[in-house]
Amino acid sequence: QVQLVESGGGLVQPEGSLRLSCTATQSIFIMETMAWLRQTQGNQRELVARVFGDGTTFYADSVKDRFTISKDNAENTPYLKMNNLKPEDTGVYSCNADVRLIERGPIRRYWGQGTQVTVSS
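First, a word on scope: everything that follows refers to the structure included in this document. Going along each chain's sequence as written, the residues are numbered from 1 onward. Local features are withheld for residues below a pLDDT of 70 in this predicted model, meaning they are given only at 70 or higher, and side-chain atom pairs are given and counted only at 80 or more; totals for whole chains, interfaces and linings count all residues. Side-chain descriptors were evaluated using all non-hydrogen atoms of the structure, hydrogens and water having been removed beforehand.

1. Focus on the overall build of the protein
Spelled out, the test is: Secondary structure elements are taken from DSSP: a helix is a run of H or I of four residues or more, a strand is a run of E of two residues or more, and numbering for both begins at the N terminus. Radius of gyration here is computed from C-alpha atoms only, and the compact-globule reference equals 2.2 Å multiplied by the residue count raised to the power 0.38. Burial classes: relative accessible area under 20% of the type maximum marks a residue as buried, over 50% as exposed, and values in between as partly exposed (1.4 Å probe, protein chains only). The criterion used for residue contact is that any of the two residues' heavy atoms lie within 4.5 Å. Surface accessibility in these figures is a Shrake-Rupley result with a 1.4 Å probe; residues are shielded only by whichever protein chains are displayed.
Tallying secondary structure elements over the protein gives zero helices and eleven strands in all. Counted from the first residue to the last, the protein has its helices and strands arranged as β-β-β-β-β-β-β-β-β-β-β. Radius of gyration (C-alpha) of the protein: 14 Å, near the 14 Å computed for a compact globule of 121 residues. Seen along its three principal axes, the alpha-carbon backbone of the protein occupies a region of about 50 × 25 × 25 Å. Every one of the 121 residues in the protein was classed for burial, and the buried ones make up 41%. For the protein, the share of sequence-separated contacts (at least 6 apart) that also reach a separation of at least 24 residues comes to 55%. For the protein, the accessible surface area stands at approximately 6800 Å², while carbon and sulfur atoms represent 44% of it.

2. Some thoughts on the nonpolar core
Grouped burial of nonpolar side chains is what soluble globular proteins tend to show. Defined as follows: We define a nonpolar core as any set of buried Ala, Val, Leu, Ile, Met, Phe, Trp, Tyr and Cys residues linked to one another through side-chain atoms lying within 4.5 Å.
Membership of the largest hydrophobic core comes to 28 residues, with the highest contact counts inside it found for Phe 67, Leu 80, Met 82 and Tyr 93. Of all the secondary structure elements, the ones that give two or more residues to this core are strand S3 (18–24), strand S4 (30–39), strand S5 (46–51), strand S7 (67–72), strand S8 (77–82), strand S9 (91–100) and strand S11 (115–119). If one sorts the elements of this core by residue count, S9 sits on top with four residues. Sequence-distant contacts of Tyr 93, defined by excluding residues within four places in its chain, comprise Glu 6, Leu 20, Leu 37, Arg 38, Val 48, Phe 67, Leu 80, Met 82, Gly 114, Thr 115 and Val 117.

In structure tokens:
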């Protein structure tokens, strides 16, 4: 069973930066659409950023100009670079990806468990 595992979270001071990554636990053919979501305290999980197969991106208004989503196609790994972090960015960040395990195989969405990001002085 393929799993996605996030890494790169932690404690950072306001205005600091972190870079999250999301890797699959076994070999896959391709990750197509990839996304990062977060759940902050008292709020529902929200979409933070998404990158589509053609490279186009989407960002939530709250993170525009601060966060950058990218993907390493060779490694099938999505990243989320977060700059100028604010206390309100604190939460559990998780990734999901539409994955094709083998060439011409079906596409299925997989989710990670999440990594904690805490922004505090």
